[in-house]
Amino acid sequence: NAIDEFEVEGFVTQAGTPNGSVINFSIGTTPVRTTASTEFRGGTVDEIVVGAKLSAEGQFDGSMLIAEHVKFHESVRLEGDATITGSTLSLTGLSDVTITVNSQTELKDAGNTITSNDLQGNHVRVRGRVIGPHTVVATRIQVRSSDDDVDLQGPVQSITGNVITILGVSVDTSVINQFESVSGTSMSRAGFLAAVSVNSLVKVKGALSGTTVVWEEAELED
């Protein structure tokens, strides 16, 4: 049945190759297609990749959603010590994650606008969007006071036993003792692993020991 106003939100589970502004992809189990007149908010058509969090609104023609609007959501949160190389940022302990800084990235230090060179060696918090298996485009980077905290939030890519992979980083949950549900209540490791699936949004927190992270906490996010 055709539905005039239809909206779906979630993670991209498969994506074709864009042809101009036209692309076929799926959010969860819902097939979506964009057209030449689709409006993209907060991102571009080439950022529609597996793992990106989007909402799409438009007409459901009985088999797929023909999108009038596609909105990109910032599902990634990272924290750590920054190394900047050109327009690419990496964080100590999260070296598998490539963070792209562009002209749209908001860079702040105590409310002051800074340049990407000012990030070098500083402890930072990053908000951003998934644009590849290990790649994030930063929408906002904020310099924080020096700290050994490391945070990694993003959609789960795979689960093997106790190990969950987020943005290419493998996190062994068997060393973690603190688990939280979406509502913030404490849960067991078994309960957490039972609740997690591919594309679940998870935040893990740890502390830097040398150049490796000792993970301490895992939270389900919505």
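A short tour of the structure in this document, coming up. (Residues numbered from 1 in each chain as written. Predicted model: local features only at pLDDT ≥ 70, side-chain atom pairs only at ≥ 80, totals over all residues. Heavy atoms only, no water.)

**Topic: the nonpolar core**
Here is step 1: Counting 39 residues, the largest nonpolar core has Leu78, Leu152 and Trp215 as the members making the most contacts within it.
Here is step 2: Here leucine 152 is in contact with Arg77, Leu78, Leu94, Ile166, Leu167, Val169, Val171, Val202, Lys203, Val204 and Trp215, once residues within four sequence places are set aside.
Here is step 3: Grouped together as the second largest cluster of nonpolar side chains are 17 residues, Ile23, Phe25, Val45 and Leu65 included. (Core = buried A, V, L, I, M, F, W, Y, C linked by side-chain atoms within 4.5 Å. Buried < 20%, exposed > 50% of the residue type's maximum accessible area, 1.4 Å probe, protein only. Contact = heavy atoms within 4.5 Å.)

**What about the environment of glycine 51?**
Here is step 1: Structurally, glycine 51 is set in the loop between strand 4 (39-41) and strand 5 (53-60).
Here is step 2: Placed 103 residues apart in sequence, glycine 51 and glycine 154 show a C-alpha to C-alpha distance of 8.5 Å. (Helix = DSSP H or I, 4+ residues; strand = E, 2+ residues; numbered from the N terminus.)

**Observations regarding the side chain of histidine 123**
Here is step 1: Looking at where histidine 123 falls in the secondary structure, it is placed in strand 12 (residues 123-132).
Here is step 2: Judged by its relative accessible area of 3%, histidine 123 is buried.
Here is step 3: A polar side-chain atom of histidine 123 sits 2.9 Å from a polar atom in the side chain of aspartate 81.
Here is step 4: Within polar-contact distance, the side chain of histidine 123 engages the backbone oxygen of aspartate 147 at 3.2 Å.
Here is step 5: When sequence neighbours within four positions are dropped, the list of residues in contact with histidine 123 reads Glu79, Gly80, Asp81, Gln142, Val143, Arg144, Ser145, Ser146, Asp147 and Asp149. (Polar contact = N/O pair within 3.5 Å; in protein donor to acceptor, adjacent residues only side chain to side chain.)

**Observations concerning unusual backbone geometry**
Here is step 1: A positive phi angle is found at leucine 167, which is not glycine, with a value near 50°.
Here is step 2: Here leucine 167 shows up in the loop between strand 15 (163-166) and strand 16 (169-172).
Here is step 3: Positive phi, normally seen in glycine, also occurs at asparagine 199, with a value near 80°.
Here is step 4: Relative to the helices and strands, asparagine 199 is located in the loop between helix 1 (189-195) and strand 19 (201-209).
Here is step 5: Residue classification places asparagine 199 among the buried residues on the basis of a relative accessible area of 17%.

**Quick notes on the pairing of strand 6 (residues 65-73)**
Here is step 1: Relative to strand 6, strand 3 (residues 30-33) is paired through two bridges, and the arrangement is parallel. Counted as the bridge partner of valine 32 is leucine 65 from strand 6.
Here is step 2: Across three bridges, strand 4 lies against strand 6 in parallel orientation. Its bridge partner lying in strand 6, glutamate 39 is registered against histidine 69.
Here is step 3: Of the strand pairs in this sheet, strand 5 and strand 6 are connected by eight bridges, and their pairing is antiparallel. Paired with leucine 54 across the two strands is phenylalanine 72, which belongs to strand 6. (Pairing = 2+ DSSP bridges.)

**Let's talk about the packing of aromatic side chains**
Here is step 1: What the rule picks out here adds up to two aromatic pairs.
Here is step 2: With 4.9 Å between their ring centres and 35° between their planes, phenylalanine 6 and phenylalanine 60 make a pair best called tilted. Taken together, the positions of phenylalanine 6 in strand 1 (residues 3-15) and phenylalanine 60 in strand 5 put the pair 54 residues apart, joining distant regions of the chain.
Here is step 3: By relative accessible area, phenylalanine 60 is classed as buried at 16%.
Here is step 4: Ring centres of phenylalanine 179 and phenylalanine 192 lie 5.0 Å apart, and the angle between their planes is 40°; on these two criteria the pair is classed as tilted. Placement of the pair is phenylalanine 179 in strand 17 (residues 178-180) and phenylalanine 192 in helix 1, with a sequence separation of 13 residues. Take phenylalanine 179 and phenylalanine 192: they sit in the same class, and that class is buried. (Phe/Tyr/Trp six-rings, centres within 6.5 Å; stacked < 30°, edge-to-face > 60°.)

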